[in-house]
Structure formats: C-alpha cells, structure tokens
Amino acid sequence: MTTLRILVFPLLFAAACARQPDPARALRGASDGPASIALPNNLLELVEKADVKRGEALFVSKGCKACHNLTDVKLVGPGLQGVLERRHLNWVARMILRPDVMVKQDAEAKQLFALVMTPMANQNVAVETELPALLALLKSL
Ligand code: HEC
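Structure report, in brief. (Residues numbered from 1 in each chain as written. Predicted model: local features only at pLDDT ≥ 70, side-chain atom pairs only at ≥ 80, totals over all residues.)

### A look at the overall build of the protein
To be explicit about the condition: Every helix listed is a DSSP run of H or I at least four residues long, and every strand listed is a run of E at least two residues long, numbered separately from the N terminus. Buried residues are those with 20 or more other C-beta atoms within 10 Å of their own C-beta, exposed residues have 12 or fewer, and partly exposed residues lie in between; C-beta atoms are placed from the backbone. Two residues form a contact once the distance between their C-beta atoms, set from the backbone, is within 7 Å.
Helix and strand content of the protein: 8 helices and 0 strands. Tracing the protein from N to C terminus, the helices and strands come up as α-α-α-α-α-α-α-α. Relative to its 141 residues, the protein shows a buried fraction of 26%. When contacts within the protein are restricted to residue pairs at least 6 apart in sequence, long-range pairs at least 24 apart make up 73% of them.

### Things to note about the nonpolar core
Test applied: By definition, a nonpolar core groups buried Ala, Val, Leu, Ile, Met, Phe, Trp, Tyr and Cys residues that connect through C-beta atoms lying within 7 Å of each other.
Of all hydrophobic cores here, the largest spans 22 residues; its most connected members are Val92, Ile96, Leu134, Leu135 and Leu138. At the level of secondary structure, the elements contributing two or more residues to this core comprise α5 (89-97), α7 (107-116) and α8 (131-140). When residues in this core are grouped by element, the largest group, 7 residues, is from α8. Not counting the four nearest positions on each side in its chain, leucine 138 is found in contact with Leu80, Val83, Leu84 and Val92.

### A few points about the site of the ligand
Condition: What makes a residue near a molecule or strand is its C-beta atom, placed from the backbone, lying within 6 Å of it. Here the term charged refers only to Asp, Glu, Lys and Arg, the term nonpolar to Ala, Val, Leu, Ile, Met, Phe, Trp, Tyr, Cys and Pro, and the term polar to all other amino acids, Gly among them.
Surrounding the ligand, one finds 28 residues, the nearest of these being Cys64, Cys67, Gly77, Pro78 and Met120. Elements represented by at least two residues in the shell around the ligand include exactly α5, α6 (99-105) and α7. A class-by-class count of the residues in the shell around the ligand yields 21 nonpolar, 5 polar and 2 charged.

This is the structure:
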C-alpha cells in the first residue's frame with residue numbers, strides 16, 4: 001500500500017501540473033466598464049434574441065478567431081469559454097467594442113493587459129447588429 005502511494009501521488013501531482021491554466025482566466029470582475037462606451041439600454045434582451053450561428057460567423061469574419069479559442073485554452077488572447085461567468089456582460093460588450101479605450105480607462109482591463117502583454121485591436125463591431133450575436137455566442141459556451 002505504501003509503495004502504491006509513493007508511486008501514485010507523484011503521478012497525480014505531475015498530471016495536475018501538466019495542464020498549465022491560463023492565469024488570465026483566473027481574473028474575475030464586477031466592473032462594467034466606462035459609460036463613455038455607449039451600449040444599447042436593452043442589451044441583455046438583444047443578446048437573448050440574437051442568433052448564436054450568426055455569432056459564430058462573425059467570430060470568424062471579424063477576426064476574433066485569429067486570437068481567441070472558444071475553449072479555455074489561450075491563443076493570443078484568453079480562451080473565451082465561460083468569460084460571461086467571470087465578467088460582467090457590459091464589460092465584455094465594451095471590451096469587444098473598444099478594447100483601446102478599456103485598456104486605458106478600466107482597472108480590470110488594465111489588469112488583464114498587464115498579464116497578457118498584448119493589446120487587443122478594435123474590430124469595428126457594430127453595436128446593434130453584430131455585438132448581440134457575438135455575446136450570444138460567448139454566452140452559449
Ligand atoms: C489581434 C488579436 C485579437 C483579436 C483580433 C481579438 N482579440 Fe480579444 N483579446 C485579445 C487580447 C490580447 C486580449 C487580452 C486583453 C488585452 O491584452 O488588452 C483580449 C481580450 C478579450 C476579451 C476579454 C477576455 C477575458 O478573459 O476577460 C474578450 C471578451 C475578447 N477579447 C473578445 C474578442 C472578440 C469577440 C473579438 C472579435 C470581435 C476579439 N476579441 C478579437 C486579442 C484579440
């Protein structure tokens with residue numbers, strides 16, 4: 001039994017260490033970002049009505065896919081699975097619309113940038129017609 005423990009514990013320990021979690025994914029937030037980045041008043045309603053399939057298409061056409069996985073695995077930016085459980089919906093919306101403003105004005109975005117050290121570029125996402133579908137996709141993950 002003792003021999004078994006000596007063998008099994010280091011193996012379990014090694015297995016736990018092998019999958020290095022992305023430290024950026026440990027960041028949780030309550031901020032909803034600066035009000036200067038305008039959002040529709042009924043954003044949540046628009047997200048609930050939006051089409052996840054359209055979100056998937058936009059995720060490719062807007063270039064998100066070049067920098068983000070829809071899993072928990074980091075690419076250039078953090079893996080986006082569960083991001084809406086870790087962060088406020090308005091914060092995620094504003095990060096998608098104006099990452100350049102967020103990184104200068106929002107404490108949580110500054111903290112994220114300090115960890116990742118790569119800026120996210122603006123992708124010209126339209127507030128009314130594209131943003132809700134992208135958020136619906138992120139919500140579905
Ligand atoms: C050029 C690479 C790049 C592109 C393209 C890009 N992002 Fe990002 N994204 C990043 C990086 C890097 C970060 C980390 C924030 C930082 O460093 O400022 C980030 C952060 C985020 C976050 C916050 C993640 C978290 O864990 O809090 C979300 C949400 C996000 N991006 C969504 C998108 C969406 C949606 C698109 C497409 C419209 C997109 N990104 C396009 C690189 C990119």
